[in-house]
Amino acid sequence: MISYVTLGSNDRRAAKEFYDAALAPLGLKPGYSDDEMVGYGPEGGETQLWVVQPFNGLDATVGNGSMVALAASTRAQVDAVYAAAISGGGKDDGRPGPRENYGPNFYAAYFRDLDGNKVGVVCRSPA
């Protein structure tokens with residue numbers, strides 16, 4: 001249903017450094033990068049997450065209630081992404097753990113990136 005997602009950034013170079021580290025545990029790598037954008041996806045796969053300076057030239061802002069949730073295969077990946085995001089300057093918005101109100105195997109963590117975008121990482125596999 002979704003082809004790709006973009007997140008706005010006011011400092012694309014800092015955002016790239018942040019996301020390079022945060023997305024590595026998921027096997028997501030930059031497939032394209034220039035002065036205005038960087039795109040992430042699995043090696044040899046489609047680019048699915050873009051971090052961009054807004055094309056209209058205005059400052060990037062966050063949407064209240066907006067979030068991108070990334071799929072993880074294991075709970076350890078959720079933990080590793082969260083740890084990398086926080087150590088890279090991201091802000092906690094929900095420590096890793098089960099969210100049983102979302103389902104019996106729903107394990108997730110939430111953080112804000114350097115620009116305030118909310119990102120979730122979710123594993124739906126049993127422990």
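Here the structure is shown first, and the text comes after it.
Each chain carries its own residue numbering, running from 1 in the direction its sequence is written. At least 70 in pLDDT is required for a residue's local features to be given in this predicted model, at least 80 for side-chain atom pairs to be given and counted, and no such filter applies to totals for whole chains, interfaces and linings, which use all residues. Calculated side-chain values reflect all of the structure's heavy atoms, with hydrogen atoms and water omitted.

Further remarks concern helix α2 (residues 75-87). Each full turn of the α-helix corresponds to 3.6 residues, which orients residues three or four apart in the same direction. Here α2 contains 13 residues, and its C-alpha end-to-end distance of 18 Å stays within 8% of the 18 Å for a straight helix at 1.5 Å per residue. To sort residues, take the accessible area from a 1.4 Å probe on protein chains only and compare it with the maximum for the residue type: under 20% means buried, over 50% means exposed, and anything in between is partly exposed. Secondary structure elements follow DSSP: runs of H or I no shorter than four residues count as helices, runs of E no shorter than two count as strands, and numbering proceeds from the N terminus. Looking at α2, one finds that the buried residues are Gln77, Val78, Val81, Tyr82, Ala84 and Ala85. For α2, the buried positions fall inside an angular range of 165° around the axis, keeping them on one side. Structural note: α2 exposes Ala76 and Ser87 on the side pointing more than 90 degrees away from its buried face. Buried-residue contacts for α2 involve α1 (12-23), β6 (91-92), β8 (107-112) and β9 (118-123). Count one or two residues on from α2 and you reach Gly89, which has phi positive near 105°. A helix's residues, less one, multiplied by 1.5 Å, set its expected span. The arc in question is traced by the directions running from the helix axis to the C-beta atoms. Contact between two residues is taken to exist if any of their heavy atoms lie within 4.5 Å; hydrogens are not considered.

Here we take up the sheet that holds strand β3 (residues 37-42). Within a sheet, neighbouring strands are paired by backbone hydrogen bonds and run either parallel or antiparallel to one another. Reading across the sheet, the four strands line up as β1-β4-β3-β2 and stay open at both edges, with mixed pairing between neighbours. The sheet terminates laterally at β1 (5-8) and β2 (28-33), the two strands that pair on one side only. Geometrically, the sheet is characterised by an average inter-axis angle of 25° between neighbouring strands, direction not taken into account. Any two strands with at least two DSSP-identified bridges between them are counted as paired. Sheet topology note: the β1/strand β4 (residues 49-52) ladder contains four bridges and is parallel. Note on β4: the bridge partner recorded for Thr6 is Trp50. Every axis in this analysis is a line fitted to C-alpha atoms, fitted for helices over the stretch in contact. Angles between the N-to-C directions lie between 0 and 180 degrees. Across the sheet, α1 is in contact with β1, β2, β3 and β4; its angle to β3 comes to roughly 10°.

With that settled, the discussion passes to the packing of aromatic side chains. What counts as a ring pair is set by centres within 6.5 Å for rings of Phe, Tyr and Trp (its six-membered ring), and what kind of pair is set by the plane angle: stacked under 30 degrees, edge-to-face over 60, tilted for all other angles. Considering all chains together, one arrives at five aromatic pairs under this definition. Between Tyr19 and Tyr40 the ring centres are 6.3 Å apart and the planes differ by 50°, which places this aromatic pair in the tilted class. With Tyr19 in helix α1 and Tyr40 in strand β3, this pair connects stretches of sequence that are 21 residues apart. Judged on exposure class, the residue Tyr19 and its partner Tyr40 are both buried. Taken together through their ring pairs, the aromatic side chains of Phe18, Tyr19, Tyr40 and Phe111 make up a single cluster. Directly above the ring of Tyr110 sits Lys118, whose terminal nitrogen or CZ lies 5.3 Å from the centroid. Throughout this description, the term charge over a ring refers to an Arg CZ or Lys NZ atom that lies within 6 Å of the ring centre and within 35 degrees of the ring normal.

Right, let's get into the pattern of salt bridges. By salt bridge we mean one thing: a side-chain nitrogen of Lys or Arg within 4 Å of a carboxyl oxygen of Asp or Glu. Under the defined criterion, the tally for this structure stands at four salt bridges. For Arg13, the salt bridge is made with Asp35, and the minimal N-O distance between the two is 3.0 Å. Of the two residues, Arg13 sits in helix α1 while Asp35 sits in the loop between β2 and β3, which places them 22 residues apart along the sequence. Taking relative accessible area as the criterion, Asp35 reaches 52% and is therefore assigned exposed. Among the ionic pairs, Lys29 bridges to Glu43, the shortest N-O distance being 3.1 Å. With Lys29 in strand β2 and Glu43 in the loop between β3 and β4, this residue pair connects regions lying 14 residues apart in the sequence. Judged by its relative accessible area of 43%, Lys29 falls in the partly exposed class. Under the relative-accessibility criterion, Glu43 is labelled exposed at 65%.

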